[in-house]
2 protein chains.
Amino acid sequence: MLYFATGNKNKFQEAKRILAAEGVTIRHFSFSHTEIRSDRLEEIAVDAAAAAYARLKKPVFVEDSGLFIDALRGFPGTYSAWTEGKLGYRGILKLMKGIRNRKAYFGTTIALATSKGIRIFRGRCNGRMALRANGKQGFGYDPIFVPAGHRQTFAQSISLKNKLSHRYKSLLALVRHLKNMRIRL
Amino acid sequence: MLYFATGNKNKFQEAKRILAAEGVTIRHFSFSHTEIRSDRLEEIAVDAAAAAYARLKKPVFVEDSGLFIDALRGFPGTYSAWTEGKLGYRGILKLMKGIRNRKAYFGTTIALATSKGIRIFRGRCNGRMALRANGKQGFGYDPIFVPAGHRQTFAQSISLKNKLSHRYKSLLALVRHLKNMRIRL
């Protein structure tokens, strides 16, 4: 059995649904862990996965995601959820006012801990920051993020988000690994 | 002997000067530690002081500071230095544009670790966010912070800053404790 360690039930439900479609069953490991402070998703995920494995002693993964805006030197990055709670997406729109370089990406890093050590899987979705908010679906920065090659924000088309999202891609990379390795969990 | 554990040489020099005037001599413990992620200065300082003491086995203190802006729910708070590196004080001015509630404070928490455990000392400087940047002294958010009861920013009057600063007050609280306890370090 494979566990997903997260304090966020919505993240778990989303991952469960995506992985079930690929034939992988997961269980929730309700996990509270003091995260380390780092600019890098990898460092945070690896630290948390190691802590989860030490506690659970069974195959377990964690994920960490963030929005990285080019013109803001990667802000809000690994502090995206925290920043969203303080400033909302409106704060980001305000910071981006008058800035022509709108490039940004969403990134997810999954760290899988097993008896063999820790492996990393990444997902990334390139795009740009919208000039104004659009759409009501999704959450967080979805109303102001437009994936590359598209004209709608994630919040205007949740089906687009589900296909393109950083989190989805990182979960698929995890699934590919499990299948290649023929790991029985 | 009392040690100040910090990776920041400027912080050490400033503290050394302030404490020397009070008859307290400190040494630098050059210390690299992966900070925990927390909204609270106390948690970060206590964790770091415990780690420093575990390494050094001698009385040692650490400090953590931040700018807490009322209208931004305490942003940038414990992430002040990181945020300043990404957005600069200009980013904060932009976020505060059109916001009437300009209240903010600078806070410092010192954690002192000795064989008797950990003690906390706080310093706080209330004030408001300026409408525009002023002054060239100091660093960080100094050009946009006006202490309560004054009209100039910290960057316009470094002598004002030295008298009123959160860091100065927290160091004085530490000194008072050391004198009251008649601790010989």
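Refer to the preceding data block for the structure.
Quick caveat: nothing in here was measured; it's all calculated off a predicted structure. (Residues numbered from 1 in each chain as written. Chains lettered and ligands numbered in written order. Predicted model: local features only at pLDDT ≥ 70, side-chain atom pairs only at ≥ 80, totals over all residues.)

A. Geometry of the overall build of chain A. If you tally the helices and strands in chain A, you get five helices and seven strands. For chain A, the α and β elements follow one another from N to C terminus as β-α-β-α-β-β-α-β-β-β-α-α. A compact globule built from 185 residues should have a C-alpha radius of gyration of about 16 Å, and chain A, at 17 Å, falls within 12% of that. In terms of overall dimensions, chain A has a C-alpha envelope of 50 × 35 × 25 Å along the principal axes. Per-residue burial for chain A yields a buried fraction of 37% across its 185 residues. (Helix = DSSP H or I, 4+ residues; strand = E, 2+ residues; numbered from the N terminus. Rg over C-alpha atoms; globule rule 2.2 N^0.38 Å. Buried ≥ 20, exposed ≤ 12 C-beta atoms within 10 Å, placed from the backbone.)

B. Inspection of the relation of the copies chain A and chain B at higher detail. After a rotation of 180° and a shift along the axis of 0.0 Å, chain A superposes on chain B with an RMSD of 0.0 Å. Look at the turn and shift together and you get a two-fold axis relating the two. (Least-squares fit on C-alpha atoms with pLDDT ≥ 70 in both.)

C. Layout of the interface of chain A and chain B. Counting from both sides, the interface comprises 15 residues of chain A and, opposite them, 15 residues of chain B. Broken down by class, the residue content of the side of chain A that touches chain B amounts to six nonpolar, three polar and six charged. (Contact = placed C-beta atoms within 7 Å. Nonpolar A, V, L, I, M, F, W, Y, C, P; charged D, E, K, R; others polar.)

D. Spotlight on the packing of helix α3 (residues 80-95) of chain A against helix α3 (residues 80-95) of chain B. At a minimum axis distance of 9 Å, the contact between α3 of chain A and α3 of chain B shows a crossing angle of 115°. Regarding the angle of α3 of chain A to α3 of chain B, the classification is roughly perpendicular. When you trace α3 of chain A past α3 of chain B, the crossing you get is right-handed. Mapping the contact onto sequence places Leu87, Gly91, Lys94 and Leu95 of chain A in α3 of chain A and Leu87, Gly91, Lys94 and Leu95 of chain B in α3 of chain B. The class makeup of the residues in the contact of α3 of chain A with α3 of chain B is four nonpolar, two polar and two charged. (Axes fitted to C-alpha atoms, helices over the stretch in contact; angles between N-to-C directions. Parallel < 35°, antiparallel > 145°, perpendicular 65-115°, else oblique. Left-handed = near helix turned anticlockwise from the far one by under 90°.)

E. Looking closely at the pairing of strand β1 (residues 2-6) of chain A. Residue and element names in this part refer to chain A. With four of five residues buried, β1 lies mostly within the body of the structure. In terms of strand pairing, β1 meets strand β2 (residues 26-30) through five bridges, oriented parallel. Of the residues in β2, the one forming a bridge with Leu2 is Ile26. In terms of handedness, the path from β1 via helix α1 (residues 9-20) over to β2 forms a crossover that is right-handed. Inspection of the sheet shows β1 paired to strand β3 (residues 60-69) by two bridges, in the parallel sense. (Pairing = 2+ DSSP bridges. Right-handed = clockwise from strand over helix to strand, strands pointing away.)

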